[in-house]
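Coordinate inspection notes
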Amino acid sequence: MSKRLTAALVAASLGFFTLATPQTVRADEPYWQCVTFARLLSGIQIFGDAWTWWRQAVNNFRTGDAPEAGSVLVFQPHGRMNRGHVAVVSDILTERVIRVTHANWGGSRGRVEENVTVVDVSPDGDWSRVKVWYNPINNLGSTIYPTYGFVYRSAESATRDAIQTAQTQTQGQP
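What to know about the pairing of strand 8 (residues 145-152)
For strand 8, the tally of buried residues reaches 7 of 8 residues, placing the bulk of the element in the interior. Direction of pairing for strand 1 (residues 62-64) relative to strand 8: antiparallel, over a ladder of 3 bridges. The residue bridging Gly64 from the neighbouring strand is Phe150, located in strand 8. The pairing of strand 2 (residues 72-75) with strand 8 spans 4 bridges and is antiparallel. Bridging across to strand 8, Val74 finds its partner in Gly149.

Structure below.
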């Protein structure tokens, strides 16, 4: 039930920010950076460039190499992505395939992309190397991106968010 609630909350909160096509740009639409968006969506309060999230998280959050819904996948700097990237896990499909929701990626600069497929291509199945769905070619991209791993929400913040959500949902009911 919590996965469904989380998915519904993500879908509802992103409904406002999703755009019809990546090529359409309007002046009144927000331009999202990946870190700002990941912080807002995940509730993980880490600041700074995406690649610094891993170093900051190690002593302050639970970290690991297995995806969990709501966790943040931290990409290492790679090629033109010299500040790294962060993406929030929205769904786990298999041991090696997940979906993420993220902002400011590739063909969707400054925009939010929901439920983007990410595939673990690491030899050991530890999510240290991934391929990411790339909308402009309607397929997985050819680039293999190195990652640090996943930063998990604390149980404390997840509980606080669940209580707040429940209170919000019951306010309008008799």
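Regarding the packing of aromatic side chains
If you walk through the whole model with that rule in mind, you get 6 aromatic pairs. Ring geometry for Trp54 versus Tyr148: centroids 6.2 Å apart, planes at 10°, classification stacked. Pair noted here: Trp54 is in helix 3 (residues 52-58) and Tyr148 is in strand 8, with a separation of 94 residues, a long-range link. By relative accessible area, Tyr148 is classed as partly exposed at 31%. Centre to centre, the rings of Phe75 and Trp105 are 5.5 Å apart; their planes meet at 50°, and the pair counts as tilted. Placement of Phe75 in strand 2 and of Trp105 in strand 4 (residues 97-105) is noted, with a sequence separation of 30 residues between them. In this structure Phe75 comes out as buried when scored by relative accessible area, which is 2%.

Digging into unusual backbone geometry
Of note, the phi angle at Asn104 is positive, near 60°, even though the residue is not glycine. Looking at the element boundaries, Asn104 is found in strand 4. Within the chain, Asn115 stands out as a residue other than glycine whose phi angle is a positive 50°. Secondary-structure assignment places Asn115 in strand 5 (residues 108-120).

Brief notes about the pattern of salt bridges
Evaluated as defined, the whole model comprises 2 salt bridges. Put simply, Arg62 and Glu68 hold a salt bridge, and the shortest N to O gap is 3.0 Å. Overall, Arg62 belongs to the partly exposed group, its relative accessible area being 47%. Since its relative accessible area comes to 33%, Glu68 is described here as partly exposed.

Structural notes on the nonpolar core
One broad trend across soluble globular proteins is that nonpolar side chains are buried collectively. One finds Trp53, Val72, Val74, Val86 and Val151 to be the most contacted residues of the largest nonpolar core, which totals 19 residues. Listed by contribution, the elements that provide at least two residues to this core are helix 2 (34-42), helix 3, strand 2 and strand 3 (85-94). Tallying contributions element by element places helix 2 first for this core, with 5 residues. With near-sequence residues (within four places) excluded, Val72 lies in contact with Ser42, Ile44, Trp53, Val86, Ala87, Val88, Gly149, Phe150 and Val151. In terms of nonpolar packing, the next biggest core, distinct from the first, is built from 16 residues, Val89, Val116, Tyr145 and Tyr152 among them.

Reading the values: rules and limits
- Residues numbered from 1 in each chain as written.
- Predicted model: local features only at pLDDT ≥ 70, side-chain atom pairs only at ≥ 80, totals over all residues.
- Heavy atoms only, no water.
- Buried < 20%, exposed > 50% of the residue type's maximum accessible area, 1.4 Å probe, protein only.
- Helix = DSSP H or I, 4+ residues; strand = E, 2+ residues; numbered from the N terminus.
- Pairing = 2+ DSSP bridges.
- Phe/Tyr/Trp six-rings, centres within 6.5 Å; stacked < 30°, edge-to-face > 60°.
- Salt bridge = Lys/Arg side-chain N within 4 Å of Asp/Glu carboxyl O.
- Core = buried A, V, L, I, M, F, W, Y, C linked by side-chain atoms within 4.5 Å.
- Contact = heavy atoms within 4.5 Å.

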